[in-house]
Amino acid sequence: MSIAFTPAPAADLLTPDNHVLMLIDHQSQMAFPVRSQDVAVLRLNTGLVSEAAAGFGVSTVLTSVAAKGFSGPFFDEVLDAFPGTEIIDRTTMNAWEDATVIDRVNALGKQRIVIGGLWTSVCIVGPVLSALEQGAEVYVITDICGDVSSEAHERAVERMIQRGARPMTALQYLLELQRDWARGETYGLTTGIARKYAGGYGIGIVYAKAMFGAQEGGHAEAA
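Calculation rules
- Along each chain, residue indices are assigned from 1 in the same order as the chain's sequence is written.
- Reporting in this predicted model follows two pLDDT cut-offs: at least 70 for local features of residues, and 80 or more for side-chain atom pairs to be given and counted; totals over whole chains, interfaces and linings ignore these cut-offs and use all residues.
- Only hydrogens and water are removed before side-chain values are computed, so all heavy atoms of the structure are retained for them.
- Exposure above 30% relative accessible area and no salt bridge define the residues that can form patches, which grow by joining like charges within 9 Å and nonpolar side chains of Val, Leu, Ile, Met, Phe, Trp and Tyr within 5 Å.
- Accessible surface is estimated by sampling points in the Shrake-Rupley manner with a 1.4 Å probe; for residues, cover comes only from the protein chains shown.
- A pair is scored as a salt bridge if a Lys or Arg side-chain nitrogen falls within 4 Å of a carboxyl oxygen belonging to Asp or Glu.
- Secondary structure is summarised from DSSP: a helix means a run of H or I of at least four residues, a strand means a run of E of at least two, and numbering begins at the N terminus for each.
- Buried Ala, Val, Leu, Ile, Met, Phe, Trp, Tyr and Cys residues form a nonpolar core when they are joined through side-chain atoms within 4.5 Å.
- Between buried and exposed lies partly exposed: a residue is buried under 20% and exposed over 50% of the maximum accessible area for its type, with that area taken using a 1.4 Å probe on protein chains only.
- Here, two residues are considered to be in contact whenever any of their heavy atoms come within 4.5 Å of each other.
- The criterion for strand pairing is that DSSP finds at least two bridges linking the strands in question.
- Using a grid of 1 Å spacing that covers the protein atoms alone, one calls a set of points a cavity when a 1.4 Å probe fits there but cannot get out, and a pocket when the set is open and has protein on both sides within 12 Å along at least five of seven lines; lining residues are those with an atom within 4 Å of a point.
- Grid points are joined across faces, edges and corners, and a volume is the space filled by probe spheres set on the points.
- The nonpolar class holds Ala, Val, Leu, Ile, Met, Phe, Trp, Tyr, Cys and Pro. Asp, Glu, Lys and Arg form the charged class, and all remaining residues, Gly among them, are polar.

### Considering a nonpolar patch on the surface
Among the surface-exposed residues, Y207, M211 and F212 lie close enough to one another that they form a single nonpolar patch of about 390 Å² accessible area. Tracing the backbone shows Y207 in helix α10 (residues 199-212).

### Here we look at the nonpolar core
If you look at the biggest cluster of nonpolar residues, it comprises 63 residues, and the most contacted ones within it are L21, M22, V128, I141 and Y173. Take this core: its biggest share by element is seven residues, from helix α6 (residues 120-133). With residues up to four places along the chain from it excluded, the contact list for I141 reads L21, V49, V114, I115, G116, M168, T169, A170 and Y173.

### Here we look at the pairing of strand β4 (residues 112-117)
Burial within β4 is extensive, with six of its six residues counted as buried. The pairing of strand β1 (residues 20-24) with β4 spans five bridges and is parallel. Within the sheet, the bridge partner assigned to I24 lies in β4 and is G117. In terms of strand pairing, β4 meets strand β5 (residues 137-141) through four bridges, oriented parallel. In the sheet register, I113 faces β5, and the bridge partner there is V138.

### Observations concerning empty space enclosed by the protein
One pass over the full model with this rule turns up one cavity of 30 Å³ or more. For the largest cavity, the calculated volume is near 30 Å³. Together, V140, T142, V157, M160, I161, A165, R166 and P167 line the largest cavity. Elements supplying a minimum of two residues to the lining of the largest cavity: α7 (150-162) and β6 (166-168). Here the element with the most residues in the lining of the largest cavity is α7; it accounts for three residues. Class assignment of the residues belonging to the lining of the largest cavity gives a composition of six nonpolar, one polar and one charged.

Right under this line is the structure:
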């Protein structure tokens, strides 16, 4: 029996309009004790995801924990991407137990949720497991998460995967939203974010353009 494949994307790939992004507790006090990765890299990855979501018009929920009393302000990279956006402050470590957060998620009306934040083993495990139990499809951007040790972060990621969460990275998130270099309306946005945040890949884009006038996919970059 022959099989006829078709040029079509998998249903579980992300698009700008098929999910809600939740950024949880990317705050100064929460970042101080992070040891699972360099905090500077964590901030770059968080900035990449924030600008990608804002640029592609992704429905986004921002939530903090004890912002005034203990944990401090959100990363500037998030605030700059979402100026004027309400940040829902909570007392609960598990954002999925906060009625205001869930009201906001429900209002957006999407079953697929992408989550990242601090710390992986507490404020990310909680909502991920809770959302999965209630029937959500959950993706975790693991490199915008961090914890007090690599052990804590890795065990938390394993626990979430065991329950059905789908792990991904910040750069993967950006490129999955673009997915086709022929999409000219967001080509400049995508390559611009990559140049700014994506380390060696971003430097490579700058180099290729400066030295050879080259573009991803042969596309003529928007001005």
